[in-house]
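# An overview of the molecular structure
As a plain string of letters, each chain reads:
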Amino acid sequence: MKLYDFSRSTLWRLINEMRLIPKYKKAFRDVSPQKKLVHLASFEEFIQYKHQKYMKD
């Protein structure tokens, strides 16, 4: 959230969307019910993927 200047709700939506893609299943660690760790390189790759998909549409 701090690195990308996303709101909490936007970040939550992106993470939930990322979790649905099988390629990114191993990019997450649930530390507690409210704390999630996300592999930063995988998240950046996902953001790039979303951007490229948006540009094609």
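Described in the following lines is the structure provided in the data block. All values derive from a computational prediction rather than experimental measurement.

## Some details on the environment of Ser42
By the secondary structure assignment, Ser42 is in helix H2 (residues 40–56). Looking at Ser42, the relative accessible area reads 16%, which means it is buried. C-alpha separation for the pair Ser42 and Ala27, spaced 15 residues apart in sequence, amounts to 6.4 Å. Not counting residues up to four positions away in its chain, the partners in contact with Ser42 are Met18, Tyr24 and Ala27.

## Concerning the environment of Leu3
Of note, Leu3 is situated in the segment before helix H1 (8–19). In sequence terms Leu3 and Leu14 are 11 residues apart; their C-alpha atoms lie 14 Å from each other.

## Re the packing of aromatic side chains
The final tally for this structure, using the stated rule, is three aromatic pairs. Ring geometry for Phe6 and Phe43: centres 6.5 Å apart, planes at 80°, overall edge-to-face. Linking Phe6 in the segment before H1 with Phe43 in helix H2, this pair joins segments that are 37 residues apart in sequence. Each ring, one from Phe46 and one from Tyr49, has its centre 6.3 Å from the other, and the planes form 35°; the classification is tilted. Taken together, the residues Phe46 and Tyr49, both in helix H2 and three residues apart, mark about one turn of the helix. Since its relative accessible area comes to 38%, Tyr49 is described here as partly exposed. Members of the aromatic cluster, each reached through a chain of ring pairs, are Tyr24, Phe46 and Tyr49. One cation-aromatic arrangement involves Arg19 over Phe28; the distance from NZ or CZ to the ring centre is 4.4 Å.

## Concerning the nonpolar core
Counting nine residues, the largest nonpolar core consists of Leu11, Leu14, Ile15, Met18, Tyr24, Ala27, Phe28, Phe43 and Phe46. Of all elements in the fold, only H1 and H2 reach the threshold of two or more residues within this core. Counting residues per element, this core draws most heavily on H1, which supplies four residues.

## Things to note about the pattern of salt bridges
Evaluation of the coordinates by the stated rule reveals four salt bridges. One salt bridge in this structure joins Glu17 and Arg13, with 4.0 Å as the shortest N-O distance. Taken together, the residues Glu17 and Arg13, both in helix H1 and four residues apart, mark about one turn of the helix. Among the residues examined, Arg13 registers a relative accessible area of 46% and is labelled partly exposed. The residue Lys23 makes a salt bridge to Glu45 at a minimum N-O spacing of 2.5 Å. Of the two residues, Lys23 sits in the loop between H1 and strand S1 (28–30) while Glu45 sits in helix H2, which places them 22 residues apart along the sequence. What you see here is one network of salt bridges that share partners, running through Arg13, Glu17 and Lys50.

Reading guide: rules and limits
- Residues numbered from 1 in each chain as written.
- Predicted model: local features only at pLDDT ≥ 70, side-chain atom pairs only at ≥ 80, totals over all residues.
- Heavy atoms only, no water.
- Helix = DSSP H or I, 4+ residues; strand = E, 2+ residues; numbered from the N terminus.
- Buried < 20%, exposed > 50% of the residue type's maximum accessible area, 1.4 Å probe, protein only.
- Contact = heavy atoms within 4.5 Å.
- Phe/Tyr/Trp six-rings, centres within 6.5 Å; stacked < 30°, edge-to-face > 60°.
- Lys NZ or Arg CZ within 6 Å of the ring centre and 35° of its normal.
- Core = buried A, V, L, I, M, F, W, Y, C linked by side-chain atoms within 4.5 Å.
- Salt bridge = Lys/Arg side-chain N within 4 Å of Asp/Glu carboxyl O.

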